Each structure stands twice: as structure tokens, then as C-alpha cells.
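Letter by letter, the chains look like this.
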Amino acid sequence: VFVDTVVDVERTSIQDQYYKGMRQCLSDLNSNSIDMERMAARLEALIESNQNDWTKMTRIIRERLSSTLAEAKTKAEAISLAHGVFETLNYLVKAKAKTHFYHAKNFGYGYTAYVLGERVLVVQVFEACEQCREHAGQVELDGFSVHTLPPFHYNCECEVRIKS
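Residues numbered from 1 in each chain as written. Predicted model: local features only at pLDDT ≥ 70, side-chain atom pairs only at ≥ 80, totals over all residues. Heavy atoms only, no water.

It is not clear to me how the nonpolar core should be interpreted in this structure. Could you clarify?
Soluble globular proteins: nonpolar side chains tend toward being buried together. Tyr-18, Leu-46 and Leu-121 are the most contacted members of the largest nonpolar core, which has 36 residues in total. At the level of elements, helix H1 (2–28), helix H2 (36–71), helix H3 (75–115), strand E1 (120–124) and strand E3 (159–162) are the ones that each hand at least two residues to this core. Top contributing element to this core by residue count: H3, with nine residues. (Core = buried A, V, L, I, M, F, W, Y, C linked by side-chain atoms within 4.5 Å. Buried < 20%, exposed > 50% of the residue type's maximum accessible area, 1.4 Å probe, protein only. Helix = DSSP H or I, 4+ residues; strand = E, 2+ residues; numbered from the N terminus.)

Here it is in C-alpha cells:
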């Protein structure tokens, strides 16, 4: 139930960002032609990938809560420990949602570029993004998968653009 609810809530934002990335790429390439049916199919693959992420997150929530509560010796301690777990998970859920948001835009952009014949994209590293500095440069688009493009970690705000 949790996964279905989150995916339903997230779906509209993911679609909006995916198509925003697609439109940006079309603009950057001075093109106005794309197979929308093909683009919609890749969007569904992205949403399915996100759903798998949320399924894993649900499992993590259950495991953390169960193992934490097993350590409690009193009801008050259990409540306090559960509160701590949910505070941590609140951060993780927000970070995952933000990551999906940026990924949808990059995926829409990248897949559009790929369909239109581009095979290399430049990764524009967000200045505060230390973990992505190693990816700065370019991404090869040979065989396109959901995990080809940034974000490469939670809270990543890096974007891709066509290589000029």
C-alpha cells in the first residue's frame, strides 16, 4: 500500500520533469520531432524503476523498525526509538523523492538526445556536489538504461546537456 501510494503521488511530478527534460533537449537540438509513443514507453520504464526503489525502501523501513524495536526494554523506550527511526526515514524518503525528480528530468533529456542520434552528453556538476566530481565530463549513451545518467546518489542536482 505504501509503495502504491508513493508512486501514485510521485507519478505526476516524474512525468512533468521527464517531459520538461525532453522539451529542453528538443530545444537544445533545434528539433521539434520525436516519437511520443516511444518516449511514453521509456517513461513507464522509469516509473517502474522508481516503484522498485520504493519497494526496497519499504523493506528497509520494516527491517530498521523491527530491529530497533527489538532492542527496547520498555514501552517508552520503544516509542523513543521508533521516533528516531522515523526521523531518519523521513530524511531518506525526501532525499529519494528529490533524486527521482532530478533523474526524471535527466532521463527525459538523455533519452530524447539518444533517440535523436546523440551518443555523448556532458554532465553539469552542481557546485555543491562533491560525490559527482568524478563523473564530471561526459556520459556515453551506448545502450540506454535507466541508470545511465545522474543523479548518481541521493540529493544529487547534477544535470546533463548535449555536447556542443
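Help me out: how do you make sense of unusual backbone geometry in this one?
Backbone geometry follows two general trends: most residues other than glycine have a negative phi, and most peptide bonds adopt the trans configuration. Geometrically, the link from Pro-150 to Pro-151 is a cis peptide bond, its omega value of 15° lying close to zero. Considering the arrangement of structural elements, one finds Pro-151 in the loop between strand E2 (137–140) and E3. Residue Asn-30 is not a glycine yet carries a positive backbone phi of 50°. Within the secondary structure layout, Asn-30 lies in the loop between H1 and H2. Judged by its relative accessible area of 73%, Asn-30 is exposed. Here the phi dihedral of Asn-155 falls at roughly 70°; this positive angle occurs in a residue that is not glycine.

Is there a simple way to think about the pattern of salt bridges in this case?
Once their charged atoms are close, side chains differing in charge can pair, the charge on each being opposite to the other. Taken as a whole and assessed by the stated rule, the structure comprises six salt bridges. A salt bridge links Asp-28 to Arg-161; the shortest N-O distance between them is 4.0 Å. Of this pair, Asp-28 sits in helix H1 while Arg-161 is found in strand E3, placing the two residues 133 residues apart along the sequence. Residue classification places Asp-28 among the partly exposed residues on the basis of a relative accessible area of 28%. Of the charged contacts in the structure, one is a salt bridge between Lys-105 and Glu-159, with a shortest N-O distance of 3.3 Å. On the criterion of sequence distance, the pair formed by Lys-105 in helix H3 and Glu-159 in strand E3 is long-range, its members being 54 residues apart. What makes Lys-105 buried here is its relative accessible area of 15%. Given a relative accessible area of 18%, Glu-159 falls into the buried group. Here the salt bridges share partners, and the residues they tie into one network are Asp-28, Lys-105, Glu-159 and Arg-161. (Salt bridge = Lys/Arg side-chain N within 4 Å of Asp/Glu carboxyl O.)

All quantities given are derived from atomic positions and should not be read as evidence of function.
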